[in-house]
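Results of the structural survey
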Amino acid sequence: MTSDQLRPVGRVPVAIYICAGDEPAADLIAAHVRIFAEARQWTVPVLAVDSNPAQPLTDRPGWQVITDALSENRASGVVTWTRCMVHEDPLASPSRHADAFDRLATVLRERGAFLTAAAHPDTPAGAMPERRSPSDHWRRRELASSAAGLFIPRRAAGRATDPRTSGC
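Every chain begins its residue count from 1, and numbering advances along the sequence as written. A pLDDT threshold of at least 70 governs which residues receive local features in this predicted model, and a stricter bar of 80 or more applies before side-chain atom pairs are shown or counted, although totals over entire chains, interfaces and linings include all residues. Heavy atoms from the whole structure form the basis of all side-chain values; hydrogens and water molecules are not counted.

1. Structural notes on the overall build of the protein chain
Short version of the rule: Secondary structure elements are taken from DSSP: a helix is a run of H or I of four residues or more, a strand is a run of E of two residues or more, and numbering for both begins at the N terminus. By the convention used here, residues are in contact when the closest approach between their heavy atoms is within 4.5 Å. Areas reported as accessible are Shrake-Rupley estimates using a 1.4 Å probe. Residue values count occlusion only from the protein chains shown.
Along its length, the protein chain carries four helices and six strands. Secondary structure elements of the protein chain, listed N to C terminal, follow the sequence β-α-β-α-β-α-β-α-β-β. Taking contacts inside the protein chain between residues at least 6 apart in sequence as the whole, the part at least 24 apart equals 63%. As displayed, the protein chain has an accessible area near 10600 Å², and 54% of this comes from carbon and sulfur atoms.

2. Some thoughts on the packing of aromatic side chains
Here a ring pair, both rings aromatic, is described through the centre-centre distance and the interplanar angle of the planes. Here is the rule: Aromatic rings from Phe, Tyr and Trp, with only the six-membered ring used for Trp, were paired whenever their centres fell within 6.5 Å, and each pair was classed as stacked if the ring planes differed by under 30 degrees, edge-to-face if by over 60, and tilted otherwise. Working definition: with a 1.4 Å probe on protein chains only, accessible area under 20% of the residue-type maximum means buried, over 50% means exposed, and in between means partly exposed. By definition here, charges over rings are those cases where NZ of Lys or CZ of Arg is within 6 Å of the ring centre and within 35 degrees of the ring normal.
Under the criterion given, the structure shown has three aromatic pairs. With 6.3 Å between their ring centres and 75° between their planes, Phe 36 and Trp 42 make a pair best called edge-to-face. Trp 42 carries the same exposure label as Phe 36, and that label is buried. Judged by its relative accessible area of 15%, Trp 42 is buried. For Arg 40, the ring lying beneath its charged end belongs to Phe 36, and the centroid distance is 3.6 Å.

3. A word on helix α2 (residues 61-71)
This is how it is decided: The directions from the helix axis to the C-beta atoms form the arc being described.
Those residues of α2 not exposed but buried are Gly 62, Trp 63, Ile 66, Ala 69 and Leu 70. End-on, the buried residues of α2 take up no more than an arc of 120°, which puts them together on one face. Facing away from the buried surface of α2 by more than 90 degrees, the exposed residues are Pro 61 and Ser 71. Asn 73 sits one or two residues past α2 and shows a positive phi near 60°.

4. Some remarks on unusual backbone geometry
A positive phi angle is found at Gln 41, which is not glycine, with a value near 65°. Take Gln 41: it is sitting in the loop between α1 (23-39) and β2 (42-50). Gln 41 gets classed as partly exposed once you look at its relative accessible area, which sits at 49%. Positive phi, close to 60°, is recorded for Asn 73, a residue that is not glycine. Within the secondary structure, Asn 73 sits in the loop between α2 and β3 (77-80).

Any link to function would need more than the numbers given here.
Quick look at the structure:
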């Protein structure tokens, strides 16, 4: 890299790449991948979505957006949901997905970028992240607070109630 191509020091910009057959699934997956990226203090200036996983990767319009972002230094890496999203055959064996993913990661690394998947490597093709409701979020928060020895008052009938003193 020449000095004019060096990126400033700071948060790492990444491009999110999703390849899913339907739009609601793509939106859900993109939200989970964004959470994964932001948990690592990465910024997400680019999000690209393709809808045909059987199309060759280099012919997908969304992947073209990703390669343009990498070549224009708008992103330092690519984050996807599963390894099969960057493979031409989503129904291929997980070992073939891993091999193709590793080859692509090597190509990107040689060009100064990286590739990672948010889901565990053993996640099967087509697996969706869990849908969580606001009540799921509240319940997890209650459990975490209880484990930490904290009490979060629960609202009932407009007033905070303490289950320890309510007599129930």
